[in-house]
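In case you want the letters, here they are:
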Amino acid sequence: MSLWEQYSNIRAHTESICAALEKEDYVVQPIVDVSPPKWHLGHTTWFFETFILDAFFMGYKAYNPDFNYVFNSYYETIGARVIRTDRGNLSRPTVDEVYRYRAYVDQAMSHLLKTHPPDARLEELLVLGLNHEQQHQELLWYDVKYILGHNPLFPAYGKQHIEQGLAHQEKGWLELSEGVYEIGHSGKGFGFDNELGRHKVYLQRSAVAAGLVSNEEYLEFLEDGGYRNFNFWHAQGWDWVKENEIRAPLYWHLVDGEWLCYGLSGLQKLNLKMPVQHISYYEATAFAQWKGMRLPTEFEWEAIAPKLKWGALWEWTESAYLPYPGFSKAPGALGEYNGKFMVNQMVLRGGSVATPEHHSRITYRNFFHPDLRWMYSGIRLAKSY
């Protein structure tokens with residue numbers, strides 16, 4: 001598949017996620033972690049315009065110079081930007097204008113990719129840009145669900161959606177032998193810089209659950225007073241529970257004595273056999289403590305991943321998000337992509353139903369703050385011997 005075909009397919013997929021939305025859905029920002037879908041459409045376009053067209057397309061004229069301020073996310077090197085909490089205040093540019101912006105940049109990218117002589121640096125940046133857009137495709141699913149799931153009417157996204165890919169989980173345990181394992185990306189094919197620095201780690205003998213924790217199992221924890229017993233929680237986690245009056249996973253609602261759960265199909269009776277999802281690290285570790293177990297480290301997860309069925313939900317690990325040996329940030333703005341976030345966050349592994357096809361891999365390191373749970377996250381248990 002040519003570079004243009006790859007670009008065109010991925011760009012079209014982003015717009016297909018938004019196809020079921022109404023115009024009003026595009027501009028909502030209920031909380032700071034949720035960006036309006038319109039902003040995602042503009043930001044991913046800005047990435048190609050800023051890092052590729054401005055650098056490789058001689059005489060390229062920006063669609064609108066103000067968009068550098070509107071759609072820059074966190075790149076200090078690039079300059080000033082709309083602060084994250086104000087993205088929902090951007091009633092202008094309109095949704096239609098953002099789609100015209102995408103079409104303008106796509107046309108320029110088509111010309112560039114079909115006429116520019118082979119260039120290793122151009123291809124490297126393009127592949128990074130495509131993976132960046134795929135990351136935002138996943139974020140779009142998170143944000144769309146949060147926007148609709150916090151509408152008092154609990155509207156459904158549509159008849160066809162990613163949650164139909166969730167399935168019952170396997171039972172049992174998989175043994176991990178004591179020994180030395182190689183961790184990290186091999187350098188073949190695409191990998192983000194935080195995956196690089198392949199290195200050896202020594203792991204003790206342990207076991208990792210073959211499947212994810214189910215709603216039924218998590219409900220037992222809840223009904224046993226899991227959210228009322230400080231003994232299961234980290235100190236910060238217990239503060240989070242009390243300050244935010246957390247009583248159940250995100251999207252769970254107790255109505256007339258029955259647990260309901262909002263999903264992309266709307267508000268429905270909780271399916272006890274499905275894996276529990278939208279769980280924070282604090283909740284994941286509290287559940288593990290209640291079970292007398294723990295979460296796997298990211299190294300245990302990667303070592304045993306060839307034996308696992310993974311990809312349903314991002315899985316919290318017991319590992320802080322830190323650099324691998326030899327990690328170094330790239331120069332310039334692209335060096336801000338991962339390295340500066342290596343503090344106060346925990347690693348998740350495996351991908352989810354929202355992850356685009358072929359985007360994740362065994363070495364992929366996702367990371368979030370421990371209180372967040374609007375992403376498709378779940379729990380896989382581990383135990384030591």
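Residues numbered from 1 in each chain as written. Predicted model: local features only at pLDDT ≥ 70, side-chain atom pairs only at ≥ 80, totals over all residues. Heavy atoms only, no water.

The chain appears in an unreviewed UniProt entry as Ergothioneine biosynthesis protein EgtB from Pedobacter nutrimenti. The record in UniProt for the chain states the following under Pathway (unreviewed entry): "Amino-acid biosynthesis; ergothioneine biosynthesis." (UniProt positions renumbered as here; feature names shortened; annotations may be inferred.)

**Brief notes about the packing of aromatic side chains**
On inspection of all chains with the given rule, the structure shows 47 aromatic pairs. Between Phe-190 and Phe-192 the ring centres are 4.9 Å apart and the planes differ by 80°, which places this aromatic pair in the edge-to-face class. Take Phe-190: its relative accessible area is 25%, and that puts it in the partly exposed class. A residue is classified by how much of its surface remains accessible, and Phe-192, at 4% relative accessible area, is buried. What links up through ring pairs into an aromatic cluster is the set Trp-4, Tyr-7, Trp-46, Phe-47, Phe-48, Phe-51, Tyr-74, Tyr-75, Tyr-321, Phe-341 and Phe-367. Taking the ring centre of Trp-39 as reference, the NZ or CZ of Arg-87 above it sits at 3.6 Å. (Phe/Tyr/Trp six-rings, centres within 6.5 Å; stacked < 30°, edge-to-face > 60°. Buried < 20%, exposed > 50% of the residue type's maximum accessible area, 1.4 Å probe, protein only. Lys NZ or Arg CZ within 6 Å of the ring centre and 35° of its normal.)

**Here we look at the UniProt feature "domain: Sulfatase-modifying factor enzyme-like" (unreviewed entry) in the chain**
UniProt's entry tags residues 171-303 with the feature "domain: Sulfatase-modifying factor enzyme-like" (unreviewed entry), counted in the numbering of this structure. Across residues 171-303, helical content stands at 26% and strand content at 24%; the span's end C-alpha atoms are separated by 19 Å. (Helix = DSSP H or I, 4+ residues; strand = E, 2+ residues; numbered from the N terminus.)

**Notes on helix H6 (residues 215-223)**
Along H6, the residues classified as buried are Asn-215, Tyr-218, Leu-219, Phe-221 and Leu-222. What you see down the axis of H6 is that its buried residues fit within an arc of 155°, all on one side. Residues of H6 that are buried sit in contact with strand S5 (252-255), strand S6 (258-263) and helix H8 (281-290). A positive backbone phi angle near 85° is found at Gly-225, which sits one or two residues after H6. (Arc of directions from axis to C-beta. Contact = heavy atoms within 4.5 Å.)

**Thoughts on the pattern of salt bridges**
Per the stated rule, a full pass over the model turns up 22 salt bridges. Here Arg-81 ties to Glu-76 by a salt bridge, and the two come within 3.0 Å at their closest N and O atoms. Judged by relative accessible area, Arg-81 falls into the partly exposed class, the value being 24%. Here Glu-182 makes a salt bridge to Lys-200, at a shortest N to O gap of 3.8 Å. On the criterion of sequence distance, the pair formed by Glu-182 in strand S2 (residues 179-183) and Lys-200 in strand S3 (residues 199-203) is long-range, its members being 18 residues apart. Because the salt bridges share partners, they merge into one network encompassing Arg-11, Glu-15, Arg-102, Asp-106 and Glu-133. (Salt bridge = Lys/Arg side-chain N within 4 Å of Asp/Glu carboxyl O.)

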